[in-house]
Amino acid sequence: MRTATHSPPFEALLHEHRGIILKVAAVYARDLEDRRDLAQEIRVQLWRSFGRYDASRAKLSTWMYRIALNVAISYRRRDGALLAGRVEPLDAHHLDTLADSGAAEEDERLTALHAFIGELDALNRALILLYLEDRSYAEIAEVLGISETNVATKIGRIKQKLRGRAAAATLTGA
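Note that the structure is a prediction, hence the values are computed from the model and not measured.

Draft legend 1. Structural view of the overall build of the protein chain. From N to C terminus, the protein chain includes 9 helices and 0 strands. Along the protein chain, from the amino end to the carboxyl end, the secondary structure elements read α-α-α-α-α-α-α-α-α. Out of the 174 residues in the protein chain, the part that is buried amounts to 37%. Within the protein chain, contacts between residues separated by at least 24 positions form 66% of all contacts whose residues are at least 6 apart in sequence. Surface exposure of the protein chain reaches about 10,300 Å², of which carbon and sulfur atoms provide 52%.

Draft legend 2. Just the confidence of the model for the protein chain, in detail. On average, residues of the protein chain carry a pLDDT of 79, and 77% of them reach 70 or more. Mean pLDDT values for the elements of the protein chain range from 48 in helix H5 (residues 92-98) up to 92 in helix H3 (residues 32-50). Within the model, the stretch residues 81-95 combines pLDDT values under 50 with 35 contacts to residues more than four positions away or in other chains. Segment residues 98-103: pLDDT under 50, and 9 contacts once partners within four positions in sequence are set aside and those in other chains are kept.

Parameters and conventions
Residues numbered from 1 in each chain as written. Predicted model: local features only at pLDDT ≥ 70, side-chain atom pairs only at ≥ 80, totals over all residues. Heavy atoms only, no water. Helix = DSSP H or I, 4+ residues; strand = E, 2+ residues; numbered from the N terminus. Buried < 20%, exposed > 50% of the residue type's maximum accessible area, 1.4 Å probe, protein only. Contact = heavy atoms within 4.5 Å. Areas by Shrake-Rupley, 256 points an atom, 1.4 Å probe, with all protein chains shown as cover. pLDDT = per-residue confidence, 0-100.

Rendered as structure tokens:
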């Protein structure tokens, strides 16, 4: 039985960095079936692109995020889910994937944060996903193809909006 040239190293790397695929799919897909479909599309595109990966140009995780986010954004566009103002409800899987919390108050705050993230456009959603992954501004800029200054500015604006939302929610008791 013949195996593809990249199978052993690719499979090992894919397994090692599977969290990237799962997190991107969790943020960009609506339900479990869509997450599975999107994760599979990401894996296929990673496989197709693996022969062109150049370690001297980017870290593997940066390269994987770039491909995963591009596939996710294309998937959402094709799926018609990037309609303005659309809010994507997040379920327990999203919360488990992005944060681990036991307190009910913390869960409410996380749910509100994830609802806010779900309202962001594709670029800002990708930016926040990478930011919450503790990626440096330089790495975020490299993945998204924007400047570090632009990353800092966009993150600042998103934080400002989130603070405004949190203050409004506190005032209204929501």
